[in-house]
Each structure stands twice: as C-alpha cells, then as structure tokens.
Amino acid sequence: MKKATLLAFLLVSIQYAFSQTEEFESYRAILKDDWRMQSAVTDATPGNQIAQSNFQPANWYKVSVPTTVIAGLLANHVYNFDPFYGRNFEKLADARMDKPWWFRREFELPKSEGGKNVVLKLHGINYKANVWLNGTLIADSAQIIGPFRIIELDITKQVKYAGPNVLAIEIKRPFNPQKRGGDLAIDYADWIHYPPDFNNGIINNVEIKTYRKAGVEYPLVTTKFDLPSLAIAHLQVDAMAVNYTSKAEDVIVKGKINGIISFEQKVHLMPREKKQVTFKPADYPQLNIKNPRIWWPWEYGKPEMNRISLSLVTGNEVSNEIAENFGIRQITSILIDNEKGREFIINGKPIMLRGAAWSPDIFQRRSKERQEQEIKLVRDMHMNIIRSEGKLEDDSFYDLCDKYGLVVMSGWMCCGAWQYPEKWDAAKRFVAMASDSSVMYWLRNKSSMLTWLNGSDMPPRDKTVESDWLAIEADLKWPNPTIASANESVSKVSGHTGVKMAGPYDWVPPSYWEADTTKYGGAWSFATEISPGPSIPPYESLIKFIPKDSLSVGSPDWLYHCGTTQFGDTHIFDDALNNRYGKSANIKDYVTKAQVMNYEGHRAMMEAYGLKKYHNATGVVQWMLSNPWPGVIWHTYDYYLYPAGTYFGMKKSLEPLHVMYSYKSNSVNIINSLLEKFSGLKVKADVYNLDGTLKYSHSVTTAVAGDGVKECFVLPPIAGLDLVYFVRLELKDAAGKVESINWYWLSAKKDVLNWAKSKWYYTPQSSFADFTALQNLPKTTLSVQHTSAKTDGQTAHKITVTNTGKAVAFFVHLRTLKEKGGDDVLPVIFEDNYLLLAPGETRVIECSYENKDAGKGTPYILVNGWNVDIVGSKIGENAGFGE
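Residues numbered from 1 in each chain as written. Predicted model: local features only at pLDDT ≥ 70, side-chain atom pairs only at ≥ 80, totals over all residues. Heavy atoms only, no water.

### Remarks on the overall build of the chain
Here comes step 1: Secondary structure summary: the chain contains 13 helices and 49 strands in total.
Here comes step 2: Each principal axis of the C-alpha atoms in the chain carries an extent, and together these give about 90 × 60 × 55 Å.
Here comes step 3: The buried share among the 883 residues of the chain stands at 63%.
Here comes step 4: Per element, the accessible surface of the chain, about 31,600 Å² overall, is 49% carbon and sulfur. (Helix = DSSP H or I, 4+ residues; strand = E, 2+ residues; numbered from the N terminus. Buried < 20%, exposed > 50% of the residue type's maximum accessible area, 1.4 Å probe, protein only. Areas by Shrake-Rupley, 256 points an atom, 1.4 Å probe, with all protein chains shown as cover.)

Below is the structure:
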C-alpha cells in the first residue's frame, strides 16, 4: 500500500497520555471523576438537550472514567448481590445493555487557556459513540468506533472559554466480537462468560488539551549500540508535530534528555498537517551518549529510566510541552532451529523468557494499587515476561512494567472478529488500521514492550491486512520485533514466526515437557501460551464464590467457574488426580491434593524450558497469570491474590540460581538465570523413603556459566526404594549460602502418555503414576516459632519450622491471618511455601505484607501439613495448626 494511502488511515488522531509528566505538561485535563451515566432507555432525552448546562441528570449514576456500564452500576451498588458468587453473574442480564448508554461530564477551562486551540482526546470508546458538546453533535458513531483507537476531535469552535462546557457521549455496545464478522472489540474467547454489556463504556482516558496553533506529541527514543559494546548509546528521537490551524506555520521543536542534553529543529507545517520530526544521532552528535544508564530486564540488571521532554514553539511562545520516561535499550530477535524458534536479544544478550498471560478484570475495572500488587507477584515468582492478548491496559500498567523490568508481549486477539479479516467490510478494515496506528503511537516508547503480534492463533487470513499493518508499523517506527502471530503457522507475508501455540491447555503430567521435542507443547521453540490446565484455588477462596452447598467438583456452580467450550469442566485434571493420588474423601481433601498436583505440574513445565534454553527452547508463557473473575482454571494466583500450589511451583522453578531434577534423564542440573558466572557451587541430592529413611546421598562441587545450564550428575539405581519416594536437592554457593532447596516426590510407576491420541489442548495418559501411598504417609511432628517486625507501612515475619519427627514432613503450608480465626492477609509475599522437610531439618521462611491489608487485629500464623501430628507438635504464641 502506498504511503499516501497509509497516511489516510493515520489521520485517526491520537494523543499522548502519561501519568508521570504533569510537571512538564501544558494544560491537560484528564476527565476522570464527576461523570454521570444513564441508560438511553431510562432517560430518552435527546443528545442536544443532555449536552446543555441547564439539563438536570436526575437519578443518573455518578461514575469515574474509565468505566464500563456494569462497572458503573456496581460502583453505585445497584445490585444487591455479588456477581461472582455462584451463578449470580446471570442476574446481570438486562435488555437495556443492548441499547445505548449516556456518559455526561461538565468541565470548565481556566482563564489562561482563552483563545487557544482546544482538542478533545477519546481513548477507549467501546464500541460506537455519538459525541455532543454544548448541544452540538461534533462526531457520530460512524467516526467514533473502536476501543483501541485514540481519537482526536478539534472542539475549538464549539468550546466555551468561560463558563461550563457539557460533554455527552452516547455509547453503543459491540455485538458479536467473539464471532466471525462481529465487531472489532474486546473478546474473551473461551476464557469466561461474557458480561452482558460486552464492556460497553469508556475503558481509558478522556482528556482536554490546549495548543497555540500547533503542538508536538508522541515522543519516541530509539537506541542503537555498537554491540557487543554498550559504552555509547546512539539515540534517535522522533515525534509528531501537528498544525491545528488552517494556515501554514513555522515552528521549532525543542527537546531535552535528562534535562541536560538539548536539541532543536525548525519545522514548516502546512495547514492541518501532521508531520514526523526526526533527530538523528548522525546530525545531532549530542545524541551519542557515553556511559548511558541502560534499561535491563530485572534479573539482568537495573531497569534504569531516562527522561525526555519536548516542546513546540510558535512565534516566541511555547505552545505545549510534554515529557515521559524512556529506556535506553535495544531489542531484536533471530530465528533459530531451522526457523522453528525465535530468540530474543536485549542489549546484545540473549534472554530466556518465562512468564504468564495477563487478564484484566472482567468489567475492565482498573486500579493502580491492584496493578502494582499483581506486578509484584509476577516479580516474586521470578518471571520476566507478561503476555497481553487483545487486552490492552492503561499507562500505569506499562509504567509499572517499565519500572520493575518486565517485558510485555502484546498483540491482537483470537478467536472471533479480529481473527477473520476476510469478513471485514471497508468500515471494519478502517477501524483495524486506525487501531493499529493508535496502538503503535501509544506503546512504541514503552521500555517494557518486547514485541507486537499481528495475530494470535494464526497470521491474518487476509494477507493484505498483515501487509498494511506492517507498513503502518514501519512508518511509525515501531522499534521492536513484529511477529505475524502467536502460533507456528507460516505467514505468506512475513514468513516463519519462530513461536508456537501447540497446547496443552489441560492437565499433562510433569514428564510431558521433556518428552515432547518436536511436535506439541514440550520444551522447544517459544511457546506463547501453554499450561497443565486447572489451578484449583484453596478452600478459603473457593467459599468466596461457590456456595458451600454447591461446593463439589462438577456441581453446576463449579462448572460455571471453569472456562467455556472444551474447558467447561475439570474432568481431565480430576481423572488424573484420582488415579495418581487417590479419590478424595471430601472437597478439602480434593483441594489439598490439587495443590500438590498444581505445584508439580507447573514447576515441571517451567523447569523443562529452563533446562533446554537456547538449545531450541527460547521462551514459555503460562496460560494464564490470573483470571478476569474467580475461576478454577488457568491462573498462578487466584482472583483474590491468594498464592497457592501453582504459584509456589512456578516460584520454585524460576529461582535465579536453581537446582532441578530431570524427569527424562534422572539427572540433577543447575539453571542459572543471571548473567553472572558462579563457581564453587555445592550440589547435593538426598533420597528418602516414606518412613524418612535416607537411602542415598551424593554431592559435587561445580560451576555454571552466566545464563547457563549445568548437568551435575545422574541419580543411579537405588536399592530398597518404596513405591513412592522423595528426592531432596540442595544448592549452596561458594560461601555456603543456600540458594535453592527443591523436593520431588517420585513413583516407581511412571506416567505414560498416549501420544497417538493427542488433541490440540492436551495429550491423554494411558497409565498414571501412583502416589496413593502418600495417603498413608507416617505422621511427623513440627516445632514452629516466629518473630515479627512492624514498620509504618509493612509487617514482616520470620517463621522457623523444624521437623522434629522421623518421617518427611510433606507439603507444609504457612498462612498469615489477620487475626485468629480471621481471613488471610492478601496479598502476601512468602519466601517459600508448601514445604517439605527431612527429619531434623529446619527452614526459616520470611513473609511480608502491607499493614493496610492486615486489618486491626493481632496477626496469626496458621500452619497446615499433609502429615502433621498436631498433638505432638509445638508452636509459639499467636500461631496454631490447622486441620
């Protein structure tokens, strides 16, 4: 497509919004609070009257933007029930959801802005809207369409410089985004049930900005190093200059980096012109920065942030100023293994990416506090990547990823309207192209952005769509790799993706991940979404969303909180659990066993990919990180931020310096996820029978390369082992500090996979490992003590747990309650959990939480264990044992 045609698509206007730049910004009002919302069915007043200052929005709902219709109603306590409890979600059905809803806001301009050009920026209108200002329709639903677009409307002629202005937006929900030919909106595929408003509303910022004739926006700082040297960063700065008048303007665009490196350029703008302005390091030597502060993924170094500010001068006056943080970093990728794999390289260093897929709240409710809580959990699990499929967040989310050194893989959605561009008419195609340009402008300067996917489950089926998107992305100088899709299909436009989406999404045993080397979801290539299936929340969470009289596996309420289609139940997981650990006596027994199976299944997946890193395995994304609502499948922590078996299995497997057991080779290995080389490491393996008898012990001293893997030794055949036995691995550094303790429970009877009957979402088993002997594991006693330290903002506990008995203590679960008999403190960070301890072994576990999350009672430590003899065990004050 020719550039001129592309620019027609780019005429959709977009405006930079950045939460940290208010000290540099010219006038910018984000219209967040004091909105009123109402159904157009309930109030049928026409828009030209609603958008007048004398209109009284009696009985309208007060809301803050961003919000969807249902989110607004929930905030106003319209419903007398928890929509997540049982099947209450169905009670949200309301015929008014299919009709338009009004969002109304009054605002005034400061006197200082009189006579300036005024622009209304709409980011995230879902899905179509008529926009009224002061009684005048300024844009209709043929223009305002698409939740991922950032649309600019020049309201200079309609705005009042003195007195109240009234903005009224009539929004119509999307229809059939989950189907071919539907609207290009937010789609949840088979994740969850759809909210009846289909997220109708405003899902990002609405803002007012002013300019003196022209303005500058969308800064982009692109880095090039003379690799492998990082001594000099060659920075190129780009931005968009916009003329808001009908006359040609001569302007000056000025810039500063970190307040000390200055540059400027004269620009001639034709009437209403939008022009890319570029500062190349060859032309501006000051942009060749020595000894730069470099942004690294968090385990490779510090995610250092720099600052760019831009201003545009017309005549002798500054029209506007903008500023934002950016990272000096260079991200590229290469295809490996006959183009079946893709290796990402950051600042010249290859990086093994292991993380999970983000999901926003089902009603698109966002909170900076909640986002940071979740990002901290991601970091605590030692993950380094988040994938966001068709669920774009807000600036605060990307700012947090920048700050915490996490990379983000993002792109368009499967499996409905976005996936079938051959069904689009001209209007939908325009929305798709305008959405792509909006997203490129918005996200291109985010340090955390790793790559953009132009498709999810397949490349765009209309190759001209991918070609046009690629042209837009190149024209807007997207600085990171772009991939046709998240799966392995070869694009007719851009070729091999080097990534795969070959399942599984349901239970497979730990041995699966090393066993498959070429065809399915095993540890090879870059798996963009895979999972060993359900993640059963702990009992304390289950009772928050499933009524106790329905709290049984397979009940209607249980099934309602699974996924949909193939994932509408947990029967594959349940069948494996019953065969491997024995049938459960009750729901609490089931939940206990589920944590064990969640732990071993998710740990094995991440370990296998780590073991094979750079030997044709380059990345893995767990499906998913979290759920949009309380659910029993696909998460690492549950909706209430409770970290359970899956979480701690993930955290264990992703330790920066980690010792692991290979299910395939019976070997003991070190995985080093840091760039530093380690020598003098002591690796030890102990093997125990169920009664706690030590049957084998072996240790070696070894070294591991930076970002390397080292096989230490292979466990030999061991005489006299029980049908089920334990392997304890320990890794100490040269100074004797324990870096990793990792326990495995193994069975002489192995899991056997029936590869011939594999389906896209799992591989069935023809026989199962037998861990039923664990049900008769001998009891053991514990001694538990803890100390606490409280500061103004945080409380920390050190919990000392000693196995004083003769058997291995299995799956000892530590909890912090707000008070005795109270709820768990959430979120909470435990150094380790679901512990195994050898006879006589002591572990000291630290945990911490924010005081604001802890209530006003005396914190209480509760300890549960698979085989704890409570009567014979000892515990300190403000602590106890649970059944």
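### Some details on the layout of surface pockets
Here comes step 1: Of the pockets and cavities examined, the largest pocket occupies roughly 830 Å³.
Here comes step 2: Lys588, Thr592, Asn864, Gly865 and Glu883 are, among the 28 residues lining the largest pocket, the residues nearest its centre.
Here comes step 3: Those elements giving two or more residues to the lining of the largest pocket turn out to be α9 (539–545), α12 (587–611), β43 (809–817) and β47 (860–864).
Here comes step 4: When residues of the lining of the largest pocket are assigned to their parent elements, the largest contribution, six residues, is made by α12.
Here comes step 5: When its residues are assigned to classes, the lining of the largest pocket shows 11 nonpolar, 10 polar and seven charged. (1 Å grid on protein atoms, 1.4 Å probe; cavity = no way out; pocket = protein on both sides within 12 Å on 5 of 7 lines; lining within 4 Å. Points joined across faces, edges and corners; volume = space filled by probe spheres on them. Nonpolar A, V, L, I, M, F, W, Y, C, P; charged D, E, K, R; others polar.)

### Considerations on empty space enclosed by the protein
Here comes step 1: Applying the stated criterion across every chain, the model contains 10 cavities of 30 Å³ or more.
Here comes step 2: Here the largest cavity defines a volume of roughly 140 Å³.
Here comes step 3: Lining the largest cavity are 15 residues, with Glu299, Met352, Arg354, Asn384 and Ser673 sitting closest to its centre.
Here comes step 4: When its residues are assigned to classes, the lining of the largest cavity shows seven nonpolar, four polar and four charged.

### Describing the sheet that holds strand β37 (residues 724–732)
Remark on secondary structure: sheet strands pair via backbone hydrogen bonds, oriented parallel or antiparallel.
Here comes step 1: With respect to topology, four strands assemble into an open sheet ordered β35-β34-β37-β38, the strand pairing being antiparallel. Lying at the two open borders of the sheet, with one neighbouring strand each, are β35 (694–704) and β38 (738–747). For this sheet, the mean angle separating the axes of adjacent strands, direction not counted, is 15°.
Here comes step 2: With nine bridges connecting them, strand β34 (residues 678–688) and β35 associate as antiparallel partners. (Pairing = 2+ DSSP bridges. Axes fitted to C-alpha atoms, helices over the stretch in contact; angles between N-to-C directions.)

### Observations concerning the pattern of salt bridges
Here comes step 1: Inspection of every chain in the model, using the stated rule, returns 42 salt bridges.
Here comes step 2: As a salt-bridge pair, Lys652 and Asp832 come within 3.1 Å of each other at their nearest N and O atoms. Residue Lys652 is located in helix α13 (residues 645–653), and its partner Asp832 is located in the loop between β44 (829–830) and β45 (835–837); the two are separated by 180 residues in the primary sequence. One exposure class covers both Lys652 and Asp832, and it is buried.
Here comes step 3: Arg728 serves as the salt-bridge partner of Glu730, at 3.2 Å between the closest nitrogen and oxygen.
Here comes step 4: Its relative accessible area of 12% is what places Glu730 among the buried residues.
Here comes step 5: Residue Arg728 is classed as buried on the basis of its relative accessible area of 8%.
Here comes step 6: Taken together, the shared-partner salt bridges in this structure form one network comprising Lys652, Glu655, Asp832 and Arg843. (Salt bridge = Lys/Arg side-chain N within 4 Å of Asp/Glu carboxyl O.)

### Some words on the sheet that holds strand β5 (residues 101–107)
Here comes step 1: Overall, antiparallel pairing links the six strands, which are arranged β3-β2-β5-β11-β8-β9 in an open sheet. Two strands lie at the open edges of the sheet, namely β3 (61–63) and β9 (136–145), each paired on one side alone. This sheet shows a mean twist of 25° between the axes of neighbouring strands, independent of strand direction.
Here comes step 2: Two elements, β5 and strand β11 (residues 165–172), share seven bridges in a ladder whose sense is antiparallel. Among the inter-strand pairings, Phe103 is bridged to a residue of β11, identified as Ile169.

### Remarks on the side chain of Glu473
Here comes step 1: Looking at where Glu473 falls in the secondary structure, it is placed in helix α7 (residues 463–475).
Here comes step 2: For the buried Glu473, no salt bridge is present, and the opposite-charge side chain at shortest range is Arg342, 12 Å distant.
Here comes step 3: Leaving out residues up to four positions away in the same chain, Glu473 has contacts with Asp436, Met440, Trp452, Asn454, Trp478 and Thr482. (Lys, Arg positive; Asp, Glu negative; His and termini not counted. Contact = heavy atoms within 4.5 Å.)

### Let's talk about the state of the cysteines
Here comes step 1: This model, assessed by the stated rule, comprises one disulfide.
Here comes step 2: The disulfide that involves Cys414 links it to Cys415, with 2.0 Å between the sulfurs. Looking down the S-S bond of the Cys414 and Cys415 bridge, the torsion is -70°, so its handedness is left-handed.
Here comes step 3: The exposure class assigned to Cys414 is buried, which follows from its relative accessible area of 5%. (Disulfide = S-S within 2.5 Å.)

### With respect to the nonpolar core
One broad rule of soluble globular proteins: the nonpolar side chains tend to lie buried together.
Here comes step 1: By size, the foremost hydrophobic cluster in this structure holds 252 residues, and its most contacted members are Phe726 and Trp745.
Here comes step 2: Formed by 25 residues, the second largest nonpolar core is a distinct cluster that contains Leu611, Tyr661, Ala685 and Leu731. (Core = buried A, V, L, I, M, F, W, Y, C linked by side-chain atoms within 4.5 Å.)

### Some remarks on the packing of helix α6 (residues 426–443) against α7
Here comes step 1: Where α6 contacts α7, the two axes come as close as 10 Å, and the packing angle between them is 30°. Classed by the angle they form, the pair α6 and α7 counts as roughly parallel. In this structure, the crossing between α6 and α7 has a hand that is right-handed. Seen from α6, the contacting residues are Arg429, Ala432, Met433, Asp436, Ser437 and Met440; seen from α7, they are Thr464, Val465, Asp468, Trp469, Ile472 and Glu473.
Here comes step 2: Residues that form the contact of α6 with α7 fall into these classes: six nonpolar, two polar and four charged. (Parallel < 35°, antiparallel > 145°, perpendicular 65-115°, else oblique. Left-handed = near helix turned anticlockwise from the far one by under 90°.)

### Topic: the packing of helix α11 (residues 571–581) against α12
Here comes step 1: At their nearest, the axes of α11 and α12 sit 11 Å apart, and the two run at 100° to each other. Regarding the angle of α11 to α12, the classification is roughly perpendicular. Across the interface between the two elements, Phe573, Asp574, Ala576, Leu577, Arg580 and Tyr581 from α11 touch Tyr590, Lys593, Ala594, Val596, Met597, Asn598 and Glu600 from α12.
Here comes step 2: Broken down by class, the residue content of the contact of α11 with α12 amounts to eight nonpolar, one polar and four charged.

### Thoughts on the confidence of the model for the chain
Here comes step 1: Model confidence for the chain is summarised by a mean pLDDT of 95, while 97% of its residues fall at 70 or above.
Here comes step 2: Below a pLDDT of 50 lies the segment residues 1–24, which in the model reaches 80 contacts outside its immediate sequence neighbourhood of four places, other chains included. (pLDDT = per-residue confidence, 0-100.)

### A short note on the pairing of strand β6 (residues 117–123)
Here comes step 1: Taken across its seven residues, β6 has seven buried, putting it largely inside the fold.
Here comes step 2: Of the two faces of β6, the one lined by Asn117, Val119, Lys121 and His123 and the one lined by Val118, Leu120 and Leu122 are each fully buried.
Here comes step 3: Relative to strand β13 (residues 206–211), β6 runs antiparallel, the two sharing six bridges. The residue of β13 that forms the bridge with Leu120 is Ile208.
Here comes step 4: Two strands pair when backbone bridges link them, and β6 and strand β10 (residues 150–154) are joined in this way by five bridges, in the antiparallel orientation. Paired with Val119 across the bridge in β10 is Asp154.

### Some details on the environment of Ile145
Here comes step 1: Secondary-structure assignment places Ile145 in strand β9.
Here comes step 2: A sequence separation of 17 residues divides Ile145 from Lys128, and the C-alpha atoms of the two residues are 4.4 Å apart.
Here comes step 3: If we ignore the near neighbours within four places in the chain, the residues touching Ile145 are Tyr127, Lys128, Ile151 and Val431.

### Examining the side chain of Asn454
Here comes step 1: Following the sequence through the fold, Asn454 ends up in the loop between β28 (449–453) and α7.
Here comes step 2: Here the side chain of Asn454 touches Trp452 through a polar contact of 3.2 Å, side chain to side chain.
Here comes step 3: Apart from residues no more than four positions distant in its own chain, Asn454 is found in contact with Trp412, Asp436, Pro460, Trp469, Leu470, Glu473, Thr482, Ile483 and Ala484. (Polar contact = N/O pair within 3.5 Å; in protein donor to acceptor, adjacent residues only side chain to side chain.)

### As for the environment of Phe810
Here comes step 1: Along the chain, Phe810 turns up in strand β43.
Here comes step 2: Since its relative accessible area comes to 0%, Phe810 is described here as buried.
Here comes step 3: Each C-alpha atom of the pair Phe810 and Tyr834 lies 7.9 Å from the other, and the pair is 24 residues apart in sequence.

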